[in-house]
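# Remarks on the overall topology
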Amino acid sequence: MMSHGYNPEWSEGAVKCPIYQTSTFVFDKAESGKAFFELAYGKREPNKNEVPGLIYSRLNNPDLQILEERLCLWDGAQEAAVFESGMSAITTVLLEFLKPEDVLLYSRPVYGGTDHFINEVLPKYNIHVVEYFAWDTEEEILQRLEQTGKAEKLRMIYCETPANPTNEMFDLKMLKRIRDKFHVAESNEVVIAVDNTYLGPIWQHPLEHGADLVIYSATKYIGGHSDIIAGAVLGSHAHMARIKGLRTFMGNMAGPWTGWLLMRSLETLKLRMEAQQRNAEEVVKFLQSHENVEKVYYLGLLESDSRSGKIREEQCKGTGAMVAFDVKGGESGAFSFLNNLQLVKLAVSLGSTESLAQHPKSMTHAGVPDEDLKKLGITDSMVRLSVGVEHHDDIIWDLKQALDQVK
Ligand SMILES: *Cc1c(COP(=O)(O)O)cnc(C)c1O
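Not measured: the values here are computed from a predicted model.

Here we come to the overall build of the protein. Of regular secondary structure, the protein possesses 14 helices and twelve strands. Taken against the 2.2 N^0.38 rule, which gives 22 Å for 407 residues, the C-alpha radius of gyration of the protein at 22 Å falls within 12% of a compact globule. In terms of overall dimensions, the protein has a C-alpha envelope of 75 × 60 × 35 Å along the principal axes. The buried share of the protein, reckoned over its 407 residues, is 55%. For the protein, contacts bridging at least 24 residues in sequence account for 73% of all contacts bridging at least 6. When the 42 basic and 57 acidic side-chain charges of the protein are each reduced to a single mean position, those positions are 2 Å apart.

If you want it as structure tokens, here you go:
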């Protein structure tokens, strides 16, 4: 992965791919410019060994292309597209594969920004949305679709698994069965898109379980240093050609600087994520032993004979570094804990080298209606922790002193 897609001979022997901070690229002759545009606009198929040339950085740039080729290796995808944010990746997918009158089936809870776009923006384009929860059976989901009277217009199934922050699992194989019921011809294709940000490209590979598209907020594990906002989508050549087409005209591709930083980040992705997971396991053990912690939510704690536990066994290659727990004393207990942290930062976001803590109910999930928070099990006393790469003794020292002060 680290040397894939880049040849030092292209850049004076530079061992690392440089930043190609340029808006446009010089054609060696007019015929080349013509050929590059023919390929970019899909006017003809490439000839044998013909590679698409560089034109303009809204269409392509070496820092994006090399990064995209490297991202494909993690998920076993044919093609990838990088965006300037996770939200631009998500909204481009939704807009490309849905049109007026279509139906979108989406899991709850989803990321707050995604939820807003699905419920506030898509309806303006007369796109109908139907929700489903982790505990819904296949029959219940089908029933809810049929009740809309528009089930035959289903065009996309969207999923975020595990659910943030409670770690409940969605069964991607079940979603594929639902898709296959409605995907009766190419002309009414139903696409499964999975936001895999929460487990990242190490611990879950949705394309292996029936998803057509996998989406990332690369701001999280992939970027991993809390210093960039970025997104990515991966899938087949055919799907990605459509997504890259819309990206060209929305102009929401990542810039060369973001691409370069993400290539830097990919080199340590596995090291970081594995260190974070090892730390999370230690943190979970500690939390379970502290008298001011009521309940701990972690993928590794799911009973293997429970519904979510069985899905985790089939679908996940790790238990991740995202931990939630209920602090004694409701919101004031949780706030007292958060306010007394000294090393762990009080901030939203996740998957970075530094440990972060936040209060889902009043922060990341502030837009979720009260009755839904209850259904989803997001309580006043819940804190969400993204475990970083610090020494676990340091993290636990901090958690302990802050928990000890909770009255
Ligand atoms: C952060 C996040 C997003 C949004 O990504 P941005 O890079 O902030 O635009 C989408 N989905 C999930 C699961 C996220 O955690």
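The structure having been displayed, the exposition proceeds.
Here the focus is the side chain of T319. Position of T319 relative to the elements: it lies in the loop between α11 (307-315) and β9 (322-327). At 2.8 Å, the side chain of T319 forms a polar contact with the side chain of Y298. Apart from the residues within four sequence positions on either side, T319 is in contact with Q277, E281, Y298, L299, G300 and R312.

Turning to the site of the ligand, a few remarks are in order. In the vicinity of the ligand lie 14 residues, with M87, D195, S217, T219 and K220 positioned nearest. The separation between an oxygen atom of the ligand and a polar main-chain atom of M87 is 2.8 Å. K220 is positioned with one of its side-chain polar atoms (N or O) 2.7 Å from an oxygen atom of the ligand. Taking a 2 Å distance to the grid points as the criterion, the majority of the atoms of the ligand fall inside the second largest pocket. Tallying contributions element by element places helix α3 (residues 86-97) first for the shell around the ligand, with three residues. Its residues assigned to classes, the shell around the ligand shows six nonpolar, five polar and three charged.

Before going further, it helps to examine the layout of surface pockets. Estimated volume of the largest pocket: approximately 1300 Å³. Secondary structure elements with two or more residues in the lining of the largest pocket: α1 (30-40), α2 (62-75), β1 (79-83) and α8 (237-250). Here the lining of the largest pocket takes eight residues from α8, the largest share from any one element. Roughly 420 Å³ of volume is contained in the second largest pocket. Along the wall of the second largest pocket there are 25 residues; nearest its centre are Y111, G112, S217, K220 and L350. When its residues are assigned to classes, the lining of the second largest pocket shows eleven nonpolar, ten polar and four charged.

Another aspect to go through is the pairing of strand β6 (residues 213-217). Among the five residues in β6, five count as buried, and that is most of the element. In β6, alternate side chains face the same way, and those of L213, I215 and S217 on one face and V214 and Y216 on the other are all buried. Two strands pair when backbone bridges link them, and strand β5 (residues 191-195) and β6 are joined in this way by three bridges, in the parallel orientation. What sits directly across from A193, in β6, is L213.

Quick look at the environment of T268 now. With respect to the helices and strands, T268 occurs in the loop between α9 (256-266) and α10 (269-289). Taking the C-alpha atoms as reference, T268 lies 9.2 Å from I222; in sequence the two are 46 residues apart.

Procedures and definitions
Residues numbered from 1 in each chain as written. Predicted model: local features only at pLDDT ≥ 70, side-chain atom pairs only at ≥ 80, totals over all residues. Heavy atoms only, no water. Helix = DSSP H or I, 4+ residues; strand = E, 2+ residues; numbered from the N terminus. Rg over C-alpha atoms; globule rule 2.2 N^0.38 Å. Buried < 20%, exposed > 50% of the residue type's maximum accessible area, 1.4 Å probe, protein only. Contact = heavy atoms within 4.5 Å. Lys, Arg positive; Asp, Glu negative; His and termini not counted. Charge placed at Lys NZ, Arg CZ, Asp CG, Glu CD. Polar contact = N/O pair within 3.5 Å; in protein donor to acceptor, adjacent residues only side chain to side chain. Near = heavy atom within 4 Å. 1 Å grid on protein atoms, 1.4 Å probe; cavity = no way out; pocket = protein on both sides within 12 Å on 5 of 7 lines; lining within 4 Å. Sits in = over half its atoms within 2 Å of the grid points. Nonpolar A, V, L, I, M, F, W, Y, C, P; charged D, E, K, R; others polar. Points joined across faces, edges and corners; volume = space filled by probe spheres on them. Pairing = 2+ DSSP bridges.

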